[in-house]
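Residue-level structure breakdown
What follows is each chain in one-letter form.
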Amino acid sequence: ITHVCYNLWRKPSLAVGLFAIRFAIQESFGRQVDAAARFCDVFREQTYHYSCKPVNGWLVTLFRVYPNDWEVYLQDLDGREVTLSESAERPDLQELVLLTDKYEEEN
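Predicted model, so just to flag it, every value in this text is computed and none were measured.

1. Structural notes on the sheet that holds strand β3 (residues 70–75)
Taken in spatial order, the four strands line up as β1-β2-β3-β4 in an open sheet, and their pairing is antiparallel. Single-partner strands in this sheet number two, and they are β1 (48–55) and β4 (81–87). Strand-to-strand twist in this sheet, taken as the mean axis angle between neighbours without regard to direction, amounts to 20°. Two strands pair when backbone bridges link them, and β3 and β4 are joined in this way by six bridges, in the antiparallel orientation. Across the sheet, Gln 75 pairs through a bridge with Glu 81, a residue of β4.

Below, the structure is given as structure tokens:
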């Protein structure tokens, strides 16, 4: 770094040239970088999720394929999958417990 700084001090035209190259690169790729950032924003959310776990004595499945909502299923006593809810936000454990409690009350 010291060598580079010394050379830039001795030859100011080199510093101007390097700045011009950096500016040109930033100008030409700047729009592409912005497009790439917008593309990556699409995948900011988790794109796929599938998990099964016991909640309140029931086997509960949490499922999502982005950009669709989160889906919660419960395996009933006959082994069938019953839809408990769909939501834009991922339900936490407390919400899953409330959903299974509601299912028990209704069935």
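2. Some points on the nonpolar core
Grouped together as the largest cluster of nonpolar side chains are eleven residues: Val 55, Trp 58, Val 60, Leu 62, Trp 70, Val 72, Leu 74, Leu 84, Leu 96, Leu 99 and Tyr 103. Going through the elements one at a time, β2 (58–65), β3 and α3 (93–106) are the ones with two or more residues in this core. Setting aside chain neighbours within four positions, we find Leu 96 in contact with Lys 53, Val 55, Val 60, Val 72 and Pro 91.

3. Digging into the pairing of β1
Pairing analysis gives eight bridges linking β1 to β2, with the strands arranged antiparallel. Counted as the bridge partner of Pro 54 is Leu 59 from β2.

Analysis parameters
- Residues numbered from 1 in each chain as written.
- Predicted model: local features only at pLDDT ≥ 70, side-chain atom pairs only at ≥ 80, totals over all residues.
- Heavy atoms only, no water.
- Pairing = 2+ DSSP bridges.
- Helix = DSSP H or I, 4+ residues; strand = E, 2+ residues; numbered from the N terminus.
- Axes fitted to C-alpha atoms, helices over the stretch in contact; angles between N-to-C directions.
- Core = buried A, V, L, I, M, F, W, Y, C linked by side-chain atoms within 4.5 Å.
- Buried < 20%, exposed > 50% of the residue type's maximum accessible area, 1.4 Å probe, protein only.
- Contact = heavy atoms within 4.5 Å.

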